[in-house]
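Per-entry structural report
Take a look at the letters that make up each chain.
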Amino acid sequence: MIWFLEGQSSQRDVIAGARAALPDAVRIFASHRQNRPEITGLADVAWREPLDNQERIGWVIEQARAHQIRVVLAGRVGQVYEAHRAEFEAAGLQLITGALDLDTFERVDDKAVFTREALAAGLACIPAIEVSTQDELQAEYAQLSRDGQVCVKPTRGIYGQGFWRLADDVDPFRSFANADAHEVNATVFAHAYGQSEAPKPLLVMPYMPGSECSVDMVCEAGEAVAFVGRRKQGLMQTFERDGAAVELAIKAARHFKCDGIVNVQTRDDAAGQPHLLEINLRYSGGIGYTREAGVNLPGIFAARRLGLPVPASVWREDVQVKAITVVVPVRGESLLR
């Protein structure tokens, strides 16, 4: 038995990958705090999780023991479960959170800490300076902008929220008229940041103009046992299984001892050399695309953790994918809390 706790919407893709790889006799459980049958409907049993994070701990352990579940994969709030690893192990459960201890979450989730450690470890990483006031922001921008474009992002966050490219020659109204461009006038941004009642720390860094590579991988105590790189180019994505970006991602996962289905993001500089952006100690939103490359990462993860035969990988060359919107019929959840 294996249980996939609430994750991103790609939790559906993870369940589908596991189902394709596991024998029918292995029951798959899934859960979510909301009524999301379009996500959990592919599981044999779907549950509603308690809303409170702390209440969920005891509930998950109780349900897992009652239904003889062996493996529990955390998703959205892995650090909450990681804090209770000893309780899961005492109950005879294999908990996977993306890391092996709480310290790793702090080192990875705080992008300022992550950047400093990655650079100290000799990993190619975008150099960044943490600021928390308007004066600091303007000073760092003035320094970095001498050598090229400058960008900022919060020290904590996901999905690129809060990322902006700064420049003096951007129309002051552009960020309001076309927010999706993520370009903003540097003076306007700095002034707004200074007027914030509680400004959150930002990272100021040089902007890398190259393409981004998102590397999905199955890791066990830092060792990547399966991986696929997704090269993002406009609306299309292509796949790669070797090269500098994938090698860098593997080194980063080893250094931070990632454990589970994780995601490492890199971006190339003007010369095409990759630099680390971040590590996500959870599966990515695009992990479902990787099966089109012939590698079933969720299936490999589930099979290895359950001690079952691993699905074969047959790499497919020259595959491109593009996200589309479709209607998905769903069935009701088999068990509601």
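Just above, that's the structure.
Let me begin by describing the structure that accompanies this report. Bear in mind that the values here come from a model prediction, so they are computed numbers and not experimental data. (Residues numbered from 1 in each chain as written. Predicted model: local features only at pLDDT ≥ 70, side-chain atom pairs only at ≥ 80, totals over all residues. Heavy atoms only, no water.)

Topologically, serine 313 is positioned in the loop between α12 (297-306) and β16 (320-322). Between the C-alpha atom of serine 313 and that of leucine 297, which follows or precedes it by 16 residues, the distance is 9.3 Å. Apart from the residues within four sequence positions on either side, serine 313 is in contact with Gly294, Val295 and Ile300. (Helix = DSSP H or I, 4+ residues; strand = E, 2+ residues; numbered from the N terminus. Contact = heavy atoms within 4.5 Å.)

Here the focus is the packing of aromatic side chains. Within the structure shown, the criterion is met by 8 aromatic pairs. Seen in terms of ring centroids, tryptophan 47 and tryptophan 59 are 5.9 Å apart; in terms of plane orientation they differ by 75°. Their pairing is edge-to-face. Linking tryptophan 47 in strand β3 (residues 45-48) with tryptophan 59 in helix α3 (residues 53-66), this pair joins segments that are 12 residues apart in sequence. Of the two residues, tryptophan 47 and tryptophan 59, neither departs from the other in class, the shared state being buried. When the ring of tyrosine 81 is compared with that of phenylalanine 88, the centres are 6.2 Å apart and the planes differ by 70°; the resulting orientation is edge-to-face. Of the residues examined, tyrosine 81 reaches a relative accessible area of 2% and is grouped as buried. (Phe/Tyr/Trp six-rings, centres within 6.5 Å; stacked < 30°, edge-to-face > 60°. Buried < 20%, exposed > 50% of the residue type's maximum accessible area, 1.4 Å probe, protein only.)

Spatial strand order, β15-β14-β11-β12-β13-β16: 6 strands in an open sheet with antiparallel pairing. Here the strands that pair on one side only, and so sit at the sheet edges, are β15 (274-280) and β16. The sheet shows a mean angle of 30° between the axes of neighbouring strands, taken without regard to direction. (Pairing = 2+ DSSP bridges. Axes fitted to C-alpha atoms, helices over the stretch in contact; angles between N-to-C directions.)

Where a strand is regular, its side chains alternate between the two sheet faces. For strand β2 (residues 28-32), the tally of buried residues reaches 5 of 5 residues, placing the bulk of the element in the interior. Burial along β2 is two-sided: the residues Ile28, Ala30 and His32 and Phe29 and Ser31 are all buried. As paired strands, strand β1 (residues 2-4) and β2 are joined by 3 bridges and run parallel to one another. Bridge pairing in β2 places tryptophan 3 opposite phenylalanine 29. Taking the sense of rotation as the criterion, the β-α-β connection linking β1, helix α1 (residues 11-21) and β2 turns out right-handed. Two elements, β2 and β3, share 4 bridges in a ladder whose sense is parallel. Its bridge partner being in β3, histidine 32 is matched across the sheet by arginine 48. (Right-handed = clockwise from strand over helix to strand, strands pointing away.)

In this section: unusual backbone geometry. Excluding glycine, a negative phi dihedral is what most residues carry, and trans is how most peptide bonds are arranged. Unlike most non-glycine residues, histidine 182 shows phi in positive territory, near 55°. Structurally, the position occupied by histidine 182 is in the loop between α9 (174-177) and β9 (183-185). You can call histidine 182 partly exposed: its relative accessible area is 29%. Even without a glycine there, the phi angle at aspartate 318 is positive, about 60°. Looking at the secondary structure, you find aspartate 318 in the loop between α12 and β16. In this structure aspartate 318 comes out as exposed when scored by relative accessible area, which is 78%.

Turning our eyes to something else, we now look at empty space enclosed by the protein. Summed over all chains, the structure comprises 2 cavities of 30 Å³ or more. Empty space within the largest cavity amounts to approximately 50 Å³. Lining the largest cavity, in full, are Lys111, Thr115, Cys125, Ile126, Lys153, Leu203, Met205, Leu276 and Leu277. Secondary-structure elements contributing two or more residues to the lining of the largest cavity are α7 (111-120), β10 (202-206) and β15. When its residues are assigned to classes, the lining of the largest cavity shows 6 nonpolar, 1 polar and 2 charged. Its volume calculated, the second largest cavity comes out at about 30 Å³. Lining the second largest cavity are Leu73, Ala74, Gly75, Thr97, Gly98, Gly260, Ile261, Leu281, Arg282 and Tyr283. (1 Å grid on protein atoms, 1.4 Å probe; cavity = no way out; pocket = protein on both sides within 12 Å on 5 of 7 lines; lining within 4 Å. Points joined across faces, edges and corners; volume = space filled by probe spheres on them. Nonpolar A, V, L, I, M, F, W, Y, C, P; charged D, E, K, R; others polar.)

Summarising burial for α12: 9 of the 10 residues are buried, a large majority. Among all positions in α12, only Leu297, Pro298, Gly299, Ile300, Phe301, Ala302, Ala303, Arg305 and Leu306 are buried. At the exit of α12 stands glycine 307, carrying a positive phi of roughly 70°.

What follows deals with the sheet that holds strand β7 (residues 150-154). Strand order in the open sheet formed by 5 strands is β6-β10-β7-β8-β9, with mixed pairing between adjacent strands. Each having just a single partner strand, β6 (129-131) and β9 make up the two edges of the open sheet. Across this sheet, the average inter-strand angle for adjacent strands is 35°, counted without regard to direction. Inspection of the sheet shows β7 paired to strand β8 (residues 164-167) by 3 bridges, in the antiparallel sense. By the bridge assignment, cysteine 151 is partnered in β8 with arginine 165. Across the sheet, helix α8 (residues 134-144) lies against β6, β7, β8 and β10, angled at about 10° from β10, the strand it touches most. Seen against the sheet, helix α10 (residues 186-195) touches β6, β7, β8, β9 and β10 and runs at an angle of roughly 80° to β9.

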